[in-house]
Amino acid sequence: MQTGLSSPRYATLGEQSAGFIASAHRMLIDGRWVEACSGKTFDVFDPGTGQVVARVPEGAAEDIDLAVKAARRAFETGPWPGMKPAERTRLLLRLADLIEAHGDEFAEIETVDNGKPLAIARRGIAGTAEMVRYMAGWATKLNGETVSVSQPGEWHAYTLREAVGVVGQIIPWNFPLSMAIWKLAPALTAGCTVVLKPAEQTPLNALRLGQLFEAAGFPPGVVNIVTGFGATAGAALAAHAGVDKVAFTGSTGTGKRIVEASLGNLKKVSLELGGKSPVFIFPDADIERATPAAANAIFFNSGQVCSAGSRLYVHRKVFDRVVEGVIAHGDKLVVGHGLDPSSQMGPVISHAQKERVERYAELGEQEGARRLGAPRAFDPDGYFVAPSVFVDTSPGMAIRREEIFGPIVCAMPFDDEDLEHIASEANQTEFGLFAGIWTRDLSVAHKLARRIKAGSVSVNAHMVNEPALPFGGYKQSGWGRERGREVLDLYTSLKSVAVSLD
Ligand code: ADP
């Protein structure tokens, strides 16, 4: 197979990651590594160079069907359903150790596949292993409870918490390995079996992870991984009558299609969707900390984060200082290929995404907003976009309302101290994923946290990547909560049992 890995750009890659990327990729179905039924493959690009680095099987409805049947068999028969919770914990802890042991390899694959700088990819991988460990501990603690019954007679009543069954999981490309783990770890903790479809832009780490599931000793069919496109493989998984639950992370538009596709068998659905998250900076805040944090909130991962702080509300007293600081931060960011050690921000994921981000920026300027930040020149082959701050926006503008998923932030001054007013303006969005609040005034912080319609709020910090904290959306940002104990509600069903003792 001819890939772009022969270029000097990849000379620093370790033997294992380079060997894996260049290998002949297969999908994992029923414990076997297989090609797509159609025999078709599709190209995987390095977004930092635009080169093809790998080819993976193009799974579609037929492959999804085989994978769902394998997951069903593994759920009903074989070693998995009989496995004690403590054994599931042990398997998951083994997986976490393997992820850590292969951390450099995962990080390098993630950088080539997704584009992010290697140092950032490394930190993400470490957090992923911790997520597996956190979830592993819950396997032995998923209990029902006894229930007091007020009916005549004597009763023993209790609830049982049972695995929901075969789960279809569809994930995006912005954090390929952690998105896979956010989905797989709780489902397996609960005793479900899974068909995972990674994003077509970034299938490589999910396939590598599949090898580690095998190495950790998970029985065949418990984790199945099908690579393919959304409209074919993804849609088939969301619609499949043999799937008990579908879990999705991605855009709100695609989330709505998943809901429609799920109607056939009314499978359970959880969705982690888009955002247009506000960050508020009050004049009493530690501006020296808040300013770089506000910049990172939007420039981190090239803005391709569902909880990115894409609307920056700054009190007028400190507006110029903060905005100038955010612009200076963006202008200083070294934007380049993720394998270049000096790079601090990588490309966006694809040519289409670059065009989309630039279209929003142009539209913003046409609508009368001002774009601040130095013009930058980039290697034209990679999908690079300049970090930018927009001022003089108005609430109706597309850049203020819609999720861009790029390094573009709208900065708005506020004057009044009326928290109701500040909150009601920021709440005028269809999204409700996250909000950041910077102030030293405890009363302001807690009052605003209550008034913002969002699933997560951070005070004097941006998004904490903490496995124990539930994460998910209000409004059109989603259904259900991932992470924390609450994610296990998505993967378990509650059964009540009432026994007459008379
Ligand atoms: P983007 O448009 O940025 O790629 P999406 O939300 O469409 O974001 O993609 C996230 C995931 O959803 C990917 O794995 C993609 O393949 C999948 N997907 C896209 N369209 C569909 C669909 N109609 N049904 C199921 N999955 C889909």
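You'll find the structure just up there.
Residues numbered from 1 in each chain as written. Predicted model: local features only at pLDDT ≥ 70, side-chain atom pairs only at ≥ 80, totals over all residues. Heavy atoms only, no water.

A. Seen up close, the overall build of the chain. Regarding its fold elements, the chain presents 17 helices and 20 strands. The C-alpha atoms of the chain give 23 Å as radius of gyration, which agrees with the globular expectation for 502 residues (23 Å, within 12%). Counting only C-alpha atoms, the chain reaches 70 × 70 × 40 Å along its principal axes. Every one of the 502 residues in the chain was classed for burial, and the buried ones make up 55%. The contacts in the chain between residues at least 6 apart in sequence include a share of 74% that link residues at least 24 apart. Put simply, the chain shows about 20300 Å² of open surface, and 52% of that area lies on carbon and sulfur atoms. (Helix = DSSP H or I, 4+ residues; strand = E, 2+ residues; numbered from the N terminus. Rg over C-alpha atoms; globule rule 2.2 N^0.38 Å. Buried < 20%, exposed > 50% of the residue type's maximum accessible area, 1.4 Å probe, protein only. Contact = heavy atoms within 4.5 Å. Areas by Shrake-Rupley, 256 points an atom, 1.4 Å probe, with all protein chains shown as cover.)

B. Examining unusual backbone geometry more closely. Of note, Asn301 is a non-glycine position whose phi angle comes to about 60°, a positive value. In this structure, Asn301 sits in the loop between helix H11 (287-299) and strand S13 (311-315). Exposure remark for Asn301: the relative accessible area of 6% places this residue in the buried category. Unusually for a residue other than glycine, Asp392 sits at a positive phi of about 60°. Summarising the element assignment, Asp392 is placed in the loop between strand S15 (388-391) and helix H14 (398-401). Judged by relative accessible area, Asp392 falls into the partly exposed class, the value being 47%.

C. Looking closely at the environment of Cys37. Residue placement: Cys37 occurs in the loop between strand S2 (32-34) and strand S3 (41-46). Cys37 gets classed as partly exposed once you look at its relative accessible area, which sits at 38%. Cys37 sits 26 residues away from Asp63 along the chain, and the two C-alpha atoms are 6.3 Å apart.

D. Broad picture of the pattern of salt bridges. In total, this model carries 24 salt bridges according to the counting rule given. Arg55 is paired through a salt bridge with Asp43; the nearest N and O atoms lie 2.8 Å apart. Placement of the pair is Arg55 in strand S4 (residues 51-57) and Asp43 in strand S3, with a sequence separation of 12 residues. A relative accessible area of 31% means that Asp43 is categorised as partly exposed. The salt bridge partner of Glu100 is Arg133, with a shortest N-O separation of 3.0 Å. Of the two residues, Glu100 sits in helix H4 (residues 85-101) while Arg133 sits in helix H6 (residues 118-136), which places them 33 residues apart along the sequence. Among the residues examined, Arg133 registers a relative accessible area of 22% and is labelled partly exposed. (Salt bridge = Lys/Arg side-chain N within 4 Å of Asp/Glu carboxyl O.)

E. Main features of the sheet that holds strand S6 (residues 155-163). Strand order in the open sheet formed by three strands is S5-S6-S20, with antiparallel pairing between adjacent strands. Each of the sheet's edge strands pairs with one partner strand only, and the pair in question is strand S5 (146-147) and strand S20 (492-500). Relative to S20, S6 runs antiparallel, the two sharing nine bridges. Opposite Tyr158, over in S20, you have Val497 as the bridge partner. (Pairing = 2+ DSSP bridges.)

F. Seen up close, the sheet that holds S13. With mixed pairing, seven strands are arranged side by side in an open sheet as S14-S15-S16-S13-S12-S17-S18. The open sheet has two edge strands with one neighbour each: strand S14 (370-372) and strand S18 (456-459). Across the sheet, the mean angle separating the axes of adjacent strands is 25° when strand polarity is ignored. Two strands pair when backbone bridges link them, and strand S12 (residues 278-281) and strand S17 (residues 434-438) are joined in this way by three bridges, in the parallel orientation. Bridge pairing in S17 places Val279 opposite Gly436. Taken strand by strand, helix H13 (residues 351-366) contacts S14, S15 and strand S16 (408-414), and its axis lies near 30° from that of S15. (Axes fitted to C-alpha atoms, helices over the stretch in contact; angles between N-to-C directions.)

G. Molecular detail of the pairing of S18. Alternating positions in S18 separate cleanly, Ser456 and Ser458 being buried on one face and Val457 and Val459 remaining unburied on the opposite face. Relative to S18, S17 runs parallel, the two sharing four bridges. Within S18, the position partnered with Gly436 by the bridge is Ser458. Between the parallel elements S17 and S18, the chain passes through helix H16 (residues 442-451) in a crossover that is right-handed. (Right-handed = clockwise from strand over helix to strand, strands pointing away.)

H. Structural detail: the site of the ligand. Near the ligand lie 18 residues; those nearest to it are Ile171, Lys197, Glu200, Ser251 and Thr254. Within the contact set of the ligand, an oxygen atom lies 3.2 Å away from a side-chain nitrogen or oxygen of Trp173. Within the backbone of Ala235, an N or O atom sits 3.4 Å from a nitrogen atom of the ligand. Relative to its free-state accessible area of 550 Å², the ligand is covered by the protein chains to the extent of 81%. (Near = heavy atom within 4 Å. Polar contact = N/O pair within 3.5 Å; in protein donor to acceptor, adjacent residues only side chain to side chain.)

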